[in-house]
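Residues per chain are reported as follows:
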Amino acid sequence: MIDVNLMEAILDLISGKIRKAFDESAASSDDIFFESIALLSWKHENTQARVNENKSKSTLSQPQIKLSRLMSEEMNEIYQELCYSIMHKVGTTLDFHVCSSEKLCLYVQRAFKHSQAKHNELYVKAQLKPSPTVVVNVHVIAATNLEAKDANGFSDPYVMLGIMPFSSLPYEEESYSRARHNGWRKKKTLSGEEEKPAEKETGEEKPWRRLSFRRKKPAATTNDTSQSNSHSAATSTSQFGNQLFVQDPSVAPPPISMQPVSPRPKKRWGSFRHKKNADDSKSYVNNVSAPSSPSHEKKKHSSPSLTPDSPSSPNEVKNGHKRTFSFRRASKSSKENTSVKEMPVKLLKVTSVKNKTLNPNWNEKFSLEVDDVNSDRLHLDIWDHDDEFSVTDAAKKLNEVQSIKGMGRYFKQIVQSARTEKKEGSIDDFLGCVNIGLASIPSAGISKWYNLEGRVKGISMQGSLHLELSLSTTNRAIFITDTNLSLPPHIYRKSLLIFLQQELSQRAIPFSNSGKLSSEADTVLHQVAVQHSMTYLDQIINQWLVYSSNEVIQWLDFSYILSILNNLKNLWTKDACNRKDIKDLSDSLNAFITTALNLCEYFHEKLSNVDCDVKLLMRNLLKCLMLLNDSKLFDGSSSIGFNITPSLQHEIENKIRKSCIWFYNRNYTDKMPATKSLNERTNALAELVCYIRNDIVQNGIPLNSIFKEFANIEYFDLCISQYDGMLIKDIAAVMNEIDSHLRIDVSNDHILLMSSFELYLQLRELSLYYCKVSHSILRKLNTREFYLWFKKTFYTWIDCVQCRLLTKITRNLENDEACVSKVIGEESRSLPSSADLCTCISQICQLWRILLYPDLAMKVNFLCNLIESICHVAIAYTTEVFDAYFTKKTSDAHENFLKKLILCCNSVNEVYQVVTKFPIMFEWASLFNSIQNSPHADKTVMQQKTSMEASLTQCDNHLNQKLCDGLDTLINESHNELKKNIFHMIWSPDNMTAKESLKPMCKYLTRIIEDYKVNLSTANVDRLLVCLWSKVLVEIRRAIVSNEEEHKSSSFYKRVHGCIKHLEEFFLTHSMQLTKNCLRNSEYKDVKEYLLLRKSSTNELIELYYMEKIREQADWLKSDYGTITIRAFYNHSSYKLSVEIIKAQNTIACDANGLSDPYVVVSVQPEHICGKTNSKQTRVVRNTLHPEFKETFEFIVSQQSCLHEAATLQLTLMDHDYVFKNDFAGEVHVPLCSIYGVSENENPTSFKDVRPVKFFITQPKRDDNQPFRALTERAKWEKQSAEFIKQRQTVLDQTREDKS
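Residues numbered from 1 in each chain as written. Predicted model: local features only at pLDDT ≥ 70, side-chain atom pairs only at ≥ 80, totals over all residues. Heavy atoms only, no water.

## Regarding the overall build of the chain
Argument step 1. If you tally the helices and strands in the chain, you get 43 helices and 16 strands.
Argument step 2. Within the chain, buried positions represent 52% of all 1300 residues.
Argument step 3. Restricting to contacts in the chain with at least 6 residues of sequence separation, those with at least 24 account for 80%.
Argument step 4. Working note: accessible area of the chain is about 61100 Å², and carbon and sulfur atoms make up 50% of it. (Helix = DSSP H or I, 4+ residues; strand = E, 2+ residues; numbered from the N terminus. Buried < 20%, exposed > 50% of the residue type's maximum accessible area, 1.4 Å probe, protein only. Contact = heavy atoms within 4.5 Å. Areas by Shrake-Rupley, 256 points an atom, 1.4 Å probe, with all protein chains shown as cover.)

Pasting the structure below:
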């Protein structure tokens, strides 16, 4: 990471030096110009780093959690209420809740920030309060698949339910329940193992029976009661002994008077005596409650509760048979005990009767008070009802009971089942029962289908019963004196607020907390809600009121708020709450909408400096808004006065626009007064664009998918279009002002240019993200073609480059002359001016590669102008350098002159190396490849490309020629010695080998090369070797040709050819980068061809001649001399070459009448390969240019001869003349190896197997065949060459093809 402070310090230092240099001398403005070019890339990176650092510096210190605090007295009251709820937890603990009361108390103490002493004090106060009464809430929903008891195949079922006290359990189950109540499952021995209940004593095993509503023996009931009471006291003591509060060693233990009291004795069924006064009678009747209205008041008398208002009730008497208090036929033993004065079932209740159904739906609710939730059980019987008597009527007659016997009689009548027949063995109307231990009910309640059971263990009944069971409390101790504040919702909300403060303090970062409470807090609040009979909807509403408040919402990421809203939506029904709760909920929902929309508006202000997951936050926020907007929960039919705007999407879009406006103004307008300079305003505008780009990258792109998914809003398009509308005004104003100030002769042009380029670079990087904008928005963006504002900037910059480079060259060359003697003394390889020029060109190239102008056609135009300008500067530099040190030979010593010349060559070579790399440096290939695949590839662009390549080629040739001229000057210093060594090499005796004749030459070349290697650059050394090589070859050719008239043997030419081969290896050995291709230039090819021909035999030269003719024939793709059509094949068995001359077309006119008398001469050449065969000719066809011959000729030629590459079928077209010599009209040379049948795979026997072939008629060029010229020279002293030349000379004298 770049150190921004260090970078700013360096930039300030350089800027200071630049200003100082500008004040000192105008010449230094050139240096300032190119230094600013070099610093532009650094400045661009610095702007980005500064923007990122400013963001990190502006991160505010996180505020502390400050939720609304309660008064000390109210805090203590709520604290006691929570401790009281923890002491008297109801229901089994859920898996995600905390079971330990000690942990819960510690959490509450930590949340309230109470000391240990304060905790002990408040805890004991809560513990001294009387215990609440536990209530089991039973919702009888439905039954299914019941047994049919009536003749019609149905039943008339109803349910009787009540609490079975601990003392009324059968012996076996009573013993087990007592052991379970005493905690044997949790009690451990000293060894750590669980202590199990003692084995039952051996004896006669009694039959185990299911629970039923029947009386128990008085003795058993009394014992059970005493045991239960004693056990309750033991349990209470054990709980206090386990210290539900943590004892601080520094605090004295509570006094004996503060020890927790035992729970009040459990109420047991007493005798059903008749009340003496009317009030008592009324009180008893009032205990008969409706099934849909749960009873929450403490009853003074434990008595069965019936339903007088039920639509129908079971018969009291059926066929004269009466039963004891049981849901089955009473046994004899039970009949004998009808005078017992204690009833085992408490609060007996009954549902309505559902006629003629096996799948009844009751949906009735009951509330039953419980004495001991750990041991008591809920018992339910289902019976089939008969219509003779009404249960309601029977219940009303309870007021007429005069004795326990009368009450027993009526109760038996109520519970007696209807029978269809009176005889013995008739069907029993008992449909089944359900027994549920209250200790197994979870604290959150349970909804379950229970299978019906029979009267005796092991017997199951048909059908099942659907029940919803939950627990609550009543008759709770009151801790809060204010009536309004003692309501359960207030306690719940205040506790939740305190717990939230505890949870949020763990991560005090705004908008980064989920809001989910710990398991301890969730457990405590759950117990508060359950014990106060708060419904789940009540809890959700109170959670919403707390979480949506302004003091809490600023710390949340809305994930938990979203879950609350979903629950509220799913649970809400009309008239579910009272008016006050509805009013509070309505206000909170409206406030939440306002808060959420404000968060969208001040998004950058509130979230840019917060270390939170912005993407998750906005996702949850939008989900909440859209849930409120789309939900039917808050439509017009709802009782909530909730004001949701019909155009929420439009509101969110407006807030996003306002957020962009705020962000724009904060980073530019508010910080940039109009009095600042144009350069400062341009830099500020560039920094603003950088801020906008960062915002687009960090927020616009990630949040776009979220806004699109949940609000159908193109967030990215909105931000881009809003920023674009504000940028266009400021950019247009600044660029118009810059264009009016840009002049080449203005001294501070470089400052404005670099500031403009910085703004351009920031806009270009911003435009890279326009590809993600929708097409409709993209067409409207004003900054989409931002580069058009900078056309004048680019042209001005290119002009400044050329002008300042030329000025810089002139000044640097003057400085070079002043220090050239020092440079020579230090044996430097180049002048300082060349290094400076190369550095400037590299800086220009680097800037060009950064700018990346988007318009390809305009980019080519800029690049063409830039290349032409730089090439012009390079040519000017080379010319001035050589004019100063090469053309003008001063009175310096010869040695100094050579050193200056070497410096010139090295300096120009440095520039040359940079110029030759222009295609790579300016990335020509990728640019023109892009243009060819784009609509900008018009004629103008291609012309500019050609012009640019021409400028570069011209510059390359000019610099290379200047270098070669300078190096030739160095070589010419020893030219005489070179000629002397070459003469010795050529005219050495014939008995000397090529290597021996080269020794003096190699010695001389080694000395020359080693001398120049010291001072010349590597490229110039190779260039010097190429020049020296060319010089040697030219001198060798000149030396041989000068004595051409003298006869030389082929061994002479072979030796010279060997010398050149050894010289080639010598030069490659002493070079650094040369290859054979570099040495095999035009001079090398001429000399090699010349020597090859001279050292060849006459037959080899003739072969070379015909091979050359075959190549010329293949090169003729068009002819003005006509064509000849032939067919030819070769027969292997007869060794015959058969040729058919078919016709000629478009031959030239050789006679005065414009026609010819053509005929064709056919021969096989050369004779030394194909053998001496007589030539053959066709007949003469008179006065035509399109003769048809159709004549066949045969030649005896071996197959091996035909396969030779020089073997030729020669066809000569002649014009017959009676008076004068026959005229030559053209010729055709066909290689024999190409004739059909010569190959081993082909063996034709007739012309039917061969297709006709047409050949162009050619005219030979005069003296253009090198082998022919060599044969001509050799003809002076050799007869074979003279005969061949004489034969061909006739043809050449009549050729119509001019010498090329």
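## Observations concerning the pairing of strand β5 (residues 377-384)
Argument step 1. The buried fraction of β5 amounts to 7 of the 8 residues, a majority that puts the element mostly inside the structure.
Argument step 2. Relative to strand β6 (residues 430-437), β5 runs antiparallel, the two being bridged by 7 bridges. Paired with Leu 378 across the bridge in β6 is Ile 436. (Pairing = 2+ DSSP bridges.)

## With respect to the confidence of the model for the chain
Argument step 1. In this model, the chain carries an average pLDDT of 75, and 71% of its residues clear a pLDDT of 70 or more.
Argument step 2. Low confidence marks residues 17-27, where pLDDT is under 50. Its contacts with residues over four positions away, or in another chain, come to 9 contacts.
Argument step 3. Across residues 169-344, confidence stays below pLDDT 50; counting only partners more than four residues off in sequence or on other chains, it has 358 contacts. (pLDDT = per-residue confidence, 0-100.)

## Things to note about the nonpolar core
Argument step 1. Phe 112, Phe 499, Ile 652, Trp 797, Phe 918, Phe 922 and Ile 1036 are the most contacted members of the largest nonpolar core, which totals 233 residues.
Argument step 2. Per-element tally for this core: the top contributor is helix α27 (residues 856-887), with 16 residues.
Argument step 3. Apart from residues no more than four positions distant in its own chain, Phe 499 is found in contact with Leu 82, Tyr 107, Val 108, Ala 111, Phe 112, Leu 517, Ala 521, Val 524 and Leu 525.
Argument step 4. If you look at the next biggest cluster of nonpolar residues, it comprises 36 residues, including Cys 1150, Cys 1202, Leu 1213 and Val 1238. (Core = buried A, V, L, I, M, F, W, Y, C linked by side-chain atoms within 4.5 Å.)

## Describing the pattern of salt bridges
Argument step 1. One pass over the full model with this rule turns up 21 salt bridges.
Argument step 2. Notably, a salt bridge pairs Arg 693 with Glu 765, separated by 3.2 Å at the nearest N-O pair. With Arg 693 in helix α21 (residues 678-711) and Glu 765 in helix α23 (residues 749-767), the pair connects residues that are 72 residues apart, well separated along the chain.
Argument step 3. Looking at Glu 765, the relative accessible area reads 18%, which means it is buried.
Argument step 4. Across the pair Glu 1227 and Lys 1109 runs a salt bridge whose closest N-O atoms are separated by 3.9 Å. Of the two residues, Glu 1227 is situated in strand β15 (residues 1223-1231) and Lys 1109 in helix α39 (residues 1098-1115); the sequence distance between them amounts to 118 residues.
Argument step 5. On the basis of relative accessibility, which here comes to 6%, the residue Lys 1109 falls in the buried class. (Salt bridge = Lys/Arg side-chain N within 4 Å of Asp/Glu carboxyl O.)

## Some remarks on the sheet that holds strand β9 (residues 1123-1131)
Argument step 1. The strand order β13-β10-β9-β16 describes an open sheet built from 4 strands, whose pairing is antiparallel. For this open sheet the edge positions go to β13 (1188-1196) and β16 (1253-1256), each flanked by a neighbour on one side alone. Each strand axis lies, on average, 30° off the axis of its neighbour in the sheet, ignoring direction. (Axes fitted to C-alpha atoms, helices over the stretch in contact; angles between N-to-C directions.)

## Thoughts on the packing of aromatic side chains
A ring pair, where both rings are aromatic, is described by two values, the distance of the centres and the angle of the planes.
Argument step 1. According to the stated counting rule, one finds 37 aromatic pairs in the structure shown.
Argument step 2. For the ring pair Trp 383 and Phe 430, a centre distance of 5.2 Å and an interplane angle of 70° mean the geometry is edge-to-face. Of this pair, Trp 383 sits in strand β5 while Phe 430 sits in strand β6, and the two are 47 residues apart along the sequence.
Argument step 3. Seen in terms of ring centroids, Tyr 787 and Tyr 853 are 5.3 Å apart; in terms of plane orientation they differ by 70°. Their pairing is edge-to-face. Of this pair, Tyr 787 sits in the loop between α24 (775-778) and α25 (791-825) while Tyr 853 is found in the loop between α26 (832-851) and α27, placing the two residues 66 residues apart along the sequence. Of the two residues, Tyr 787 and Tyr 853, both sit in the buried class.
Argument step 4. In this structure an aromatic cluster arises from ring pairing among Phe 757, Tyr 760, Phe 786, Tyr 787, Phe 790, Phe 794, Tyr 795, Trp 797, Tyr 853 and Phe 862. (Phe/Tyr/Trp six-rings, centres within 6.5 Å; stacked < 30°, edge-to-face > 60°.)

## Brief notes about the sheet that holds strand β12 (residues 1176-1177)
Argument step 1. Taken together, 4 strands build an open sheet; the order of strands is β12-β11-β14-β15 and the sheet is antiparallel. Of all strands in the sheet, those bounded by a partner on one side alone are β12 and β15.
Argument step 2. Here 8 bridges tie strand β14 (residues 1208-1215) to β15, and the two strands are oriented antiparallel to one another. Paired with Gln 1210 across the bridge in β15 is His 1229.

## Observations concerning α39
Argument step 1. In this model, α39 (18 residues) spans 26 Å end to end at C-alpha, consistent with the 26 Å of a helix rising 1.5 Å per residue.
Argument step 2. Of all the residues in α39, the buried ones are Thr 1098, Leu 1101, Ile 1102, Glu 1103, Tyr 1105, Tyr 1106, Met 1107, Lys 1109, Ile 1110 and Gln 1113. (Expected span 1.5 Å × (residues − 1).)

## Thoughts on the packing of helix α20 (residues 648-667) against helix α22 (residues 715-741)
Argument step 1. Where α20 contacts α22, the two axes come as close as 9 Å, and the packing angle between them is 40°. Of the possible angle classes, the one that applies to α20 and α22 is oblique. Note on packing geometry: the crossing formed by α20 with α22 is right-handed. For the pair α20 and α22, contact is made by Glu 653, Ile 656, Arg 657, Cys 660, Ile 661, Phe 663 and Tyr 664 and by Tyr 715, Leu 718, Cys 719, Gln 722, Tyr 723, Met 726, Leu 727 and Asp 730, respectively.
Argument step 2. Of the residues assigned to the contact of α20 with α22, the class counts are 11 nonpolar, 1 polar and 3 charged. (Parallel < 35°, antiparallel > 145°, perpendicular 65-115°, else oblique. Left-handed = near helix turned anticlockwise from the far one by under 90°. Nonpolar A, V, L, I, M, F, W, Y, C, P; charged D, E, K, R; others polar.)

## Observations regarding unusual backbone geometry
Argument step 1. A cis amide bond, omega -10°, links Gln 1165 with the succeeding residue Pro 1166.
Argument step 2. Turning to its location among the elements, Pro 1166 is positioned in the loop between β11 (1158-1165) and α40 (1167-1170).
Argument step 3. Within the chain, Phe 558 stands out as a residue other than glycine whose phi angle is a positive 70°.
Argument step 4. Position of Phe 558 among the secondary structure elements: in the loop between α15 (550-553) and α16 (559-571).
Argument step 5. By relative accessible area, Phe 558 is classed as buried at 2%.
Argument step 6. Even without being glycine, Tyr 1135 reaches a positive phi, approximately 55°.
Argument step 7. Along the chain, Tyr 1135 falls in the loop between β9 and β10 (1136-1145).
Argument step 8. On the accessibility criterion, Tyr 1135 (46% relative accessible area) is partly exposed.

## A short note on the pairing of β11
Argument step 1. Across the 8 residues that make up β11, a large majority, 8, are buried.
Argument step 2. Where burial is concerned, the two faces of β11 agree: the one with Pro 1158, Val 1160, Val 1162 and Val 1164 and the one with Tyr 1159, Val 1161, Ser 1163 and Gln 1165 are both buried.
Argument step 3. Note that β11 and β14 share 8 bridges and pair antiparallel. In the sheet register, Val 1162 faces β14, and the bridge partner there is Leu 1211.
Argument step 4. Bridging between β11 and β12 involves 2 bridges; their strand directions are antiparallel. When the sheet's bridge partners are listed, Val 1161 is paired in β12 with Gln 1177.

## A short note on the environment of Thr 133
Argument step 1. Along the chain, Thr 133 falls in strand β1 (residues 133-144).
Argument step 2. We classify Thr 133 as buried; its relative accessible area is 3%.
Argument step 3. In this structure, the C-alpha to C-alpha distance between Thr 133 and Ser 472, residues 339 residues apart in sequence, is 8.4 Å.
Argument step 4. Among the polar contacts listed, one links the side chain of Thr 133 to the side chain of Asn 475, at a separation of 3.4 Å. (Polar contact = N/O pair within 3.5 Å; in protein donor to acceptor, adjacent residues only side chain to side chain.)

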